[in-house]
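Listed here are the chains, written in short residue letters.
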Amino acid sequence: MERLIFHVDVNSAFLSWEATRRVKQGLPDLREIPSCIGGDPRKRTGIVVAKSIPAKKYGIQTGEPMAMAFRKCPELISVPADFELYDKYSRSFKSICASYAPVMESFSIDEVFLDMTGTSYIYPDPIVTAHELKDKIRTELGFTVNIGISVNKLLAKMASDFEKPDKVHTLFPEEIPVKMWPLPVRDLLFLGKSSEKKLKEAGIRTIGDLAHEKKPKIQALLGEKAGQQLYRYARGLDDSPVKMKPDEAKGFSLETTFNDDLVSMEQALPILLEQCDVLAARMRRKKKKCTCISVTFRTLDFQNRSHQMKLKNATDITDEIYFHARKLFEESWREQPLRLLGVSLTGLTDDSFEQLSFFEDTREKERRQKLDAALDSIRLKYGNDKVTRASIMNSTARIGRKAKAQMENEREQ
C-alpha cells in the first residue's frame, strides 16, 4: 500500500494567532497591515520573530533586529510574543488535525505530519480531505494553514512550502521534475547555507542539478553522510516514519542570551552554574546520566566557540557537571565580552553501574547526591521558584525576559 502523508503548517503562526485574538476584540487584523511579532527594539536581543505579508513587501525579514525593521517601515506595528496564547492555539490546531488521522507527529509548535495511509475508505479523495481540514481550522479557530500532500514526509513538507497562505499543494513522485527540480538548491529541506555555497561553487544551482549529479561528487563536497542524505532528498526519497511519540532525547542543552555583555568570570560563572543545575535536574528526571559535557559561548563578532570533554564515569550530579563545565569555560574563554553562554550534556546513558576510584571521596559524592535529591523533591512538591542555590540568586538579572522564561520552562520539563 502506497503511503499518504499530509504536512499541515500554520501560516505565520505567531502573528496569525495574535491577529486572531485581536480580530475577536474588534481590533485591526495584523495580517492585513505591516506588522510583526518582535522583541523590544531598544534591546539588541529584540528581533523579528514573525511578520505579515504586507511587512514582507518592505523587505522585513524574520530574525533581523527590530531597529532595522523600523528603519525599513517606520509605521510597522510590533507586538510582543505571548507564549501562553501560542500554546493554547497550538493545542487546538493539533486537536483538529489529530481527529483526521490515525497517526500524528508534532513536528513543531505550528506543524504536524499526518499519516493518512489506509484511510481511503473514509477519505476517498485526499485533496478534498485536505481542503476540508484546512477550512475547518480556518472556520473554527480563525487562522489559516497550508497543507502539503505526498507519499513521504520530505515531499509533503516541500509541498506545504509552495504558494501561501491558505493553500493545498501536492508533490507526488511524478510531479518532482516539474514542481521540485527547477527550484533553487537552497529550497531543499535540511540543506544549509554552507552546503548551498559549496554546491553553487561546484555549479550545482537547482535541486534538479543535485539530483542528476553523481553521488560520489556530492559526498566529496558535503561529506559522506550528509551528501548521501541530500542526494536522496533531491530525488524525493525519504522513508522516515510518522512518529506518534518523539525519539528519546540524545542530550540536553541550554543557551542564554544576555541583555548586556558578560565581561567577567564573576558574572559568567553563576549563570553557568544555573544552566548546569537546570540541565542536571532534567536529566535526573529522565533517569539518565551524561558522559560528555560541552560549553559554548558567542562573542561580539557573532562567532560561536565550543569546548567539550568526555568523562571517565557517567554522572547526573549538578556539582560534578558544573565543576567540569567551569573548567572548560576557564580554559577556552579569553575574557572577550560575551553575548551568549550555553551548556550541553550528551552521551546519555541509563546504566546505573559506576566504576569508583580507590581515591575518590565517596562520602562527599553521596552528600552531593542527597543535596540534588532534596532540591528535586522540594521543586517537584512546591514549585521551581521555592528553592535555589545562593550563588545563583542574582544571576538572572542579566538575562532577557525570553531567556528567563526559557530557563523556567527547562526546569519544568
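Bear in mind the structure is a predicted one, so any value in this text is a computation, not a measurement.

Turning our eyes to something else, we now look at the overall build of the chain. Per the secondary structure count, the chain includes 15 helices and twelve strands. Expressed as a percentage of its 413 residues, the buried residues of the chain come to 45%. Taking as baseline every contact in the chain between residues at least 6 positions apart, the subset at least 24 positions apart corresponds to 63%. Of the roughly 22,200 Å² of accessible surface on the chain, 53% is carried by carbon and sulfur atoms.

Moving on, we come to the pattern of salt bridges. According to the stated counting rule, one finds 22 salt bridges in the structure shown. For Glu201, the salt bridge identified is with Lys197, shortest N-O distance 2.7 Å. One end of the pair is Glu201 and the other is Lys197, both in helix 8 (residues 193-201) and four residues apart, which spans about a single turn. When sorted by exposure, Glu201 lands in the same class as Lys197, which is exposed.

Across the interface, helix 10 (residues 215-222) lies against helix 11 (residues 224-234) with an axial gap of 7 Å and an inter-helix angle of 130 degrees. With respect to each other, helix 10 and helix 11 are oriented oblique. Viewed along their axes, helix 10 and helix 11 form a crossing whose handedness is right-handed. Between helix 10, through Lys215, Ile218, Gln219 and Leu222, and helix 11, the contact on the second element is made entirely by Glu224, Ala226, Gly227, Gln228, Leu230 and Tyr231. The class makeup of the residues in the contact of helix 10 with helix 11 is five nonpolar, three polar and two charged.

Glancing now at the nonpolar core. What tends to happen in soluble globular proteins is that the nonpolar side chains get buried as a cluster. In this structure, Val8, Phe93, Leu114 and Ile137 are the most contacted members of the largest nonpolar core, which totals 60 residues. Among the elements that make up this core, the one with the highest residue count is helix 4 (residues 83-98) (six residues). Each residue touching Ile137, except ones within four places of it in the same chain, is listed here: Val8, Phe93, Ile96, Cys97, Gly142, Phe143 and Val145. Membership of the second largest hydrophobic core comes to 29 residues, among which are Phe258, Leu269, Ala280 and Leu345.

Sheets are built from strands paired through backbone hydrogen bonds, the pairs being either parallel or antiparallel. The four strands lie next to each other as 9-12-10-11, forming an open sheet whose pairing is antiparallel. Because the sheet does not close on itself, it has two edges, and the strands there are strand 9 (251-262) and strand 11 (304-315). With direction set aside, neighbouring strand axes in the sheet form an average angle of 15 degrees. Sheet strands touched by helix 12 (residues 265-285): strand 9, strand 10 (290-299), strand 11 and strand 12 (338-346). Its angle to strand 9, the strand with the most contacts, is close to 155 degrees. Against the sheet, helix 13 (residues 318-332) contacts strand 10, strand 11 and strand 12, and its axis sits at roughly 40 degrees relative to strand 10.

The next thing to look at is the confidence of the model for the chain. On average, residues of the chain score 87 in pLDDT, and 87% of them reach the 70 mark or higher. Note that pLDDT drops below 50 for residues 396-407; the model gives that stretch 27 contacts with residues more than four away or on any other chain.

Let's shift gears to the side chain of Ser52. If you trace the backbone, Ser52 turns up in the loop between strand 3 (48-51) and helix 2 (53-56). Residue Ser52 is classed as buried on the basis of its relative accessible area, which comes to 2%. When neighbours within four sequence positions are excluded, Ser52 is seen to be in contact with Leu15, Leu30, Arg31, Ile33, Pro34 and Ser35.

Another aspect to go through is the packing of helix 4 against helix 5 (residues 126-141). Between two packed helices, the angle of one axis relative to the other and the distance separating the axes together describe the packing. Two elements in contact, helix 4 and helix 5, have axes separated by 10 Å at closest approach and are oriented at 145 degrees. The interaxial crossing formed by helix 4 with helix 5 has right-handed handedness. Along the contact surface, helix 4 presents Tyr89, Ser92, Phe93, Ile96 and Cys97, while helix 5 presents Leu133, Lys136, Ile137, Glu140 and Leu141. A per-class count over the contact of helix 4 with helix 5 returns seven nonpolar, one polar and two charged.

This next bit is on the packing of aromatic side chains. Enumeration according to the criterion identifies 13 aromatic pairs in this entry. For the pair Phe14 and Tyr86, a centre-to-centre distance of 4.0 Å together with 5 degrees between the ring planes defines the contact as stacked. Of the two residues, Phe14 sits in helix 1 (residues 13-24) while Tyr86 sits in helix 4, which places them 72 residues apart along the sequence. Here Trp17 and Tyr86 contribute two aromatic rings whose centre-to-centre distance is 6.1 Å and whose plane-to-plane angle is 40 degrees, an arrangement assigned as tilted. In this pair, Trp17 is assigned in helix 1 and Tyr86 in helix 4, connecting sequence segments 69 residues apart. Three or more aromatic residues joined by ring pairs form one cluster here, namely Phe14, Trp17, Phe83, Tyr86, Tyr89 and Phe143. Just above the ring of Tyr89 sits the side chain of Lys88; from NZ or CZ to the centre is 5.6 Å. It is Lys153 that lies over the ring of Phe113; its NZ or CZ is 5.1 Å from the centre.

Reading guide: rules and limits
Residues numbered from 1 in each chain as written. Predicted model: local features only at pLDDT ≥ 70, side-chain atom pairs only at ≥ 80, totals over all residues. Heavy atoms only, no water. Helix = DSSP H or I, 4+ residues; strand = E, 2+ residues; numbered from the N terminus. Buried < 20%, exposed > 50% of the residue type's maximum accessible area, 1.4 Å probe, protein only. Contact = heavy atoms within 4.5 Å. Areas by Shrake-Rupley, 256 points an atom, 1.4 Å probe, with all protein chains shown as cover. Salt bridge = Lys/Arg side-chain N within 4 Å of Asp/Glu carboxyl O. Axes fitted to C-alpha atoms, helices over the stretch in contact; angles between N-to-C directions. Parallel < 35°, antiparallel > 145°, perpendicular 65-115°, else oblique. Left-handed = near helix turned anticlockwise from the far one by under 90°. Nonpolar A, V, L, I, M, F, W, Y, C, P; charged D, E, K, R; others polar. Core = buried A, V, L, I, M, F, W, Y, C linked by side-chain atoms within 4.5 Å. Pairing = 2+ DSSP bridges. pLDDT = per-residue confidence, 0-100. Phe/Tyr/Trp six-rings, centres within 6.5 Å; stacked < 30°, edge-to-face > 60°. Lys NZ or Arg CZ within 6 Å of the ring centre and 35° of its normal.

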